[in-house]
Amino acid sequence: MTMLTIAKNTLGEAMRKKILNIFLLVALAMIAFAVSFASFTMREELTIIKSFGLGVIAIAGMFITVMLGVNLVPQEVERRTIYTILSKPVRRWEFLLGKFFGALATILVNLAFMAVVFLVTVAWKHQWQPEWALLKGVLMIFFQLFLLSSVALVFSIFTTPVVNFFLTAGVYIVGSLSDVTLSMSHGADKSPIVKGFYWLVHYLVPNFANFFTQNPLIHPESVIKNELLYYAQNIIYAIIYASVLLIIAILAFERKDM
Amino acid sequence: MKLGTRITLAIIAVMLIPPIVGLQKAIDPARKQFQPGRGVGSVMTDMGNNPVVLPSQFVAGTVIGLQEVVAGLLWVRTDEFFHSGNYEAIIPMVRMITWLDPHMVDVYSVGAWHLDYNFVDSGQRADHRYVVPAIKFLEEGIANNPSIFDLYFDLAFVHYYLKIGNFEKAEEYMRLAAKHNPPFYVYREIAHALEKQGRVDDAIKQWQECIKIGQEELARNPKDTGAVTHIQVSKRNLDSTLIRKVERANLGSRPTDMGFDANFKRLGPRQFLISGKINVPDGARVFLTLTDSDYKEPTLKNFSWDVDTDATALWETQIHGISINKGKFHKKYDLSKDIKQYPFKKDKYTLTLWFDPRCAPISAQDITGWKGEGITDKQYLDTSIPGVKMVKKVITLNRQDIL
């Protein structure tokens, strides 16, 4: 119950943040702007609008998540509100998880806004035929951001928001380079140390590239095997990985001097 | 939090790491079908002699998994190049786009068409050296999109049928297109490709098949006006083919002497006149190639637009060709402004002029037959293609004859 109250409060506060609102408005405008690509065939236009729309949602979602995540704990410390909260019968882990789920709810609301505009834009270009399958892409983006926000939360225990911003962005980029890390962890011509290093990077750094599933949604004629299994594996991956990160965050937060 | 709880949580966290690794190992093999494109880093090594410089903001986009977005934006930019006539810039762009998103079927289609038709000389003749790259590009597109009819049909119709006049290959790819739920016109074009090969009985069967396919669709969906039109067109073409079959049945017993001859006359440096005579009705065309005497079509393993810039290959066939007017043909060629396309760097050249009845209009085929069964010629009858009779004259030229 305490956790829920903190989460609600975090959501309300985040939705009033101007910078996040600006990110959201710019993203919404960009998605709607995609209809200006009008000098192509119907299929080309739809391909471009879908790829552009999902891309904007992913980028805007990433920025919103990072901006939100890096400030979750430090802001409370800076404003000293954390001391007031923790002086009440609120356990540290409840506070931390409350903040996390509040951030997650904020991300969800933002994604929902963008998804609605995106679906309407696509439908408008497609003779008002809604393409609900595109929601699978938004779902995958949500779980990617779920994982990313847990990374930002862990770093926010140890670092300042500025350092956290770069650390989280760095992890996101490394975690997006799956093709590179996977290929570098194999191959007979590479030294065992190099292979071992990339193996660790590939399997232990959160693999954000797993969630890039836009292509078959942009090109619905693509034949995909075991699509549901892939989505399920990724969702489970995100939940398990985020659980590990949340445990680390809780353990670190418990021992943090405040 | 109690020490015991903290230790338990730490143990749980450690125990969750093997499942994470296991899940990642399960996800990796399946990921390729969701991310078929290649990141910029992994394609740089494949560039070879065709360097492609991708603006840094696009590189950043591909790094964070937005290949499709980058591909889409590059395609928008490419469209601007089409409108501004900056044709040279387009090929590297389509190369990069299809690397980033190999499911962008229209990029393959437009890119191959661009290679085949847009690099032209001052007389609007396409540069033949790009034909093989265009075909390779489409073959790559087909390999990346094997379940979609579009690129099979594009290769068949736009390239083999219209551009090259290889109707056997056109039929082969049209039949492949027909396996992937195509629109009605694909079935009709198969019949045309069969007729172009002179396989009239097979063409008749295909028209009957077209009618059957249309009727089946109409039974499923009685409001399908496309099916109605398809049936009407197929019936009309079936009737025409049956009539022509009867009319052309005895052409072989009374062959027409083509009286074919052709001449080359130098008018100036890289300027010459081709003239000649042939006994076929107006509207038909004589084809011409002027190539290095050792010219061979390039054999490409993979797509590359790196053509042999020393090779000369003037190709005046299919939609080009020299028009026949009252039994005569002539055309002046001025290649002096097109040194890049026709470098003439070799010592010997082969000029080939021929009339192919398979590519002739209906009025000419009523005399020659579908594949030249009504043709004879005292000097230049050519039967090198089994079952086909045409007239052909080959002239060997020296470099000084042209320059």
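Residues numbered from 1 in each chain as written. Chains lettered and ligands numbered in written order. Predicted model: local features only at pLDDT ≥ 70, side-chain atom pairs only at ≥ 80, totals over all residues.

**Quick word on the overall build of chain B**
Regarding its fold elements, chain B presents 15 helices and 11 strands. The globule rule puts the C-alpha radius of gyration for 403 residues at 22 Å, and the 28 Å found for chain B is more than 25% above it. Counting only C-alpha atoms and orienting by the principal axes, one finds that chain B spans roughly 105 × 60 × 35 Å. Across the 403 residues in chain B, those meeting the buried criterion constitute 39%. Sequence separation of 24 or more characterises 64% of the internal contacts of chain B that already satisfy a separation of 6 or more. (Helix = DSSP H or I, 4+ residues; strand = E, 2+ residues; numbered from the N terminus. Rg over C-alpha atoms; globule rule 2.2 N^0.38 Å. Buried ≥ 20, exposed ≤ 12 C-beta atoms within 10 Å, placed from the backbone. Contact = placed C-beta atoms within 7 Å.)

**A look at the sheet that holds strand S2 (residues 261–268) of chain B**
Note: strands within a sheet are paired through backbone hydrogen bonds, in either parallel or antiparallel orientation. Residues and elements named next belong to chain B. Strand order across the open sheet formed by three strands is S2-S3-S7, with antiparallel pairing between neighbours. A strand with exactly one partner marks an edge of an open sheet, and here the two such strands are S2 and strand S7 (328–334). Here the average twist between neighbouring strands, direction ignored, is 15°. Pairing analysis gives seven bridges linking strand S3 (residues 271–277) to S7, with the strands arranged antiparallel. Opposite Gln271, over in S7, you have Asp334 as the bridge partner. (Pairing = 2+ DSSP bridges. Axes fitted to C-alpha atoms, helices over the stretch in contact; angles between N-to-C directions.)

**Description of the environment of Lys223 of chain B**
Mapped onto the elements of the fold, Lys223 of chain B is located in the loop between helix H12 (200–220) and helix H13 (225–247). Spatially, the C-alpha atom of Lys223 of chain B lies 44 Å from that of Phe303 of chain B, the residues being 80 residues apart in sequence.

**Observations concerning the environment of Lys196 of chain B**
Residues and elements named next belong to chain B. Here Lys196 lies in helix H11 (residues 184–196). Sequence separation between Lys196 and Tyr161 is 35 residues; the distance between their C-alpha atoms is 9.2 Å. Here Lys196 is in contact with Phe167 and Arg358, once residues within four sequence places are set aside.

**Overview of the domain arrangement of chain B**
Residue and element names in this part refer to chain B. Segmentation of chain B into domains returns domain 1 (56–247) and domain 2 (253–402). Between domain 1 and domain 2, the C-alpha centre-to-centre distance is 26 Å. Breaking the side of domain 1 that touches domain 2 down by element, the ones donating at least two residues are helix H8 (131–144), helix H9 (149–164) and H11. Looking at the side of domain 1 that touches domain 2 residue by residue, the class counts come to nine nonpolar, five polar and 10 charged. (Domains from an automatic or database assignment. Nonpolar A, V, L, I, M, F, W, Y, C, P; charged D, E, K, R; others polar.)

**Focus: the packing of helix H6 (residues 134–158) of chain A against helix H7 (residues 161–176) of chain A**
Residues and elements named next belong to chain A. Running from amino to carboxyl end, H6 crosses H7 at an angle of 145°, the nearest separation of the two axes being 9 Å. Where H6 crosses over H7, the two elements pack in a sense that is right-handed. Counted together, Leu148, Val151, Ala152, Phe155 and Ser156 of H6 and Asn164, Leu167, Thr168, Val171 and Tyr172 of H7 form the full contact between these two elements. Of the residues in the contact of H6 with H7, the class split is seven nonpolar, three polar and no charged. (Left-handed = near helix turned anticlockwise from the far one by under 90°.)

**Focus on the packing of helix H2 (residues 18–33) of chain A against helix H3 (residues 42–78) of chain A**
Residues and elements named next belong to chain A. In contact at an axis separation of 9 Å, H2 and H3 are set at 175° when each is read in the N-to-C sense. By the angle class used here, H2 and H3 are roughly antiparallel. Here Ile19, Leu20, Phe23, Leu24, Ala27, Met30 and Ile31 of H2 come into contact with H3, specifically with Gly53, Val56, Ile57, Ala60, Phe63, Ile64, Met67 and Leu68. When its residues are assigned to classes, the contact of H2 with H3 shows 14 nonpolar, one polar and no charged. (Parallel < 35°, antiparallel > 145°, perpendicular 65-115°, else oblique.)

**Some points on the interface of chain A and chain B**
In this assembly, 50 residues from chain A lie in contact with 42 residues from chain B. Sorting the residues of the side of chain A that touches chain B by element identifies H3, H7, helix H8 (178–184), helix H10 (214–218) and helix H11 (227–255) of chain A as the ones contributing at least two each. The biggest single contributor to the side of chain A that touches chain B is H11 of chain A, with 14 residues. Counted by class, the side of chain A that touches chain B contains 27 nonpolar, 17 polar and six charged residues.

**Section: H12 of chain B**
Residue and element names in this part refer to chain B. Compared with the 30 Å implied by 1.5 Å per residue over 21 residues, the 30 Å span of H12 between its first and last C-alpha is a close match. Residues of H12 that are buried include every one of Ala203, Gln206, Trp207, Cys210 and Gly214, and no others. Angular distribution of buried residues about the axis of H12 spans 105°; they occupy a single face of the element. Turned more than 90 degrees away from the buried face of H12 sit Asp201, Glu216, Ala219 and Arg220, all of them exposed. Residues of H12 that are buried sit in contact with H11 and H13. (Expected span 1.5 Å × (residues − 1). Arc of directions from axis to C-beta.)

**So, the confidence of the model for chain B**
Low pLDDT marks regions whose predicted coordinates should not be analysed in detail. Residue and element names in this part refer to chain B. When pLDDT is averaged along chain B, the result is 90, and 94% of the positions lie at 70 or above. Averaged over each element, pLDDT in chain B is lowest for helix H3 (residues 40–43) (50) and highest for helix H10 (residues 167–178) (97). Throughout residues 43–49 the model reports pLDDT below 50, and contacts reaching past four residues in sequence, or to other chains, amount to five contacts. Scored as a whole, the predicted complex attains pTM 0.86, and scored at its interfaces, ipTM 0.91. (pLDDT = per-residue confidence, 0-100.)

**Comments concerning H7 of chain A**
All names here are of chain A. Relative to the 22 Å expected for 16 residues at 1.5 Å per residue, H7 spans 22 Å between its end C-alpha atoms, a close match to the ideal helical length. Those residues of H7 lying buried are Asn164, Thr168, Tyr172, Gly175 and Ser176. Down the axis of H7, the buried set is contained in an arc of 100°. They therefore lie on one face. Looking at H7, the residues exposed on the side facing more than 90 degrees away from the buried face are Val162 and Gly170.

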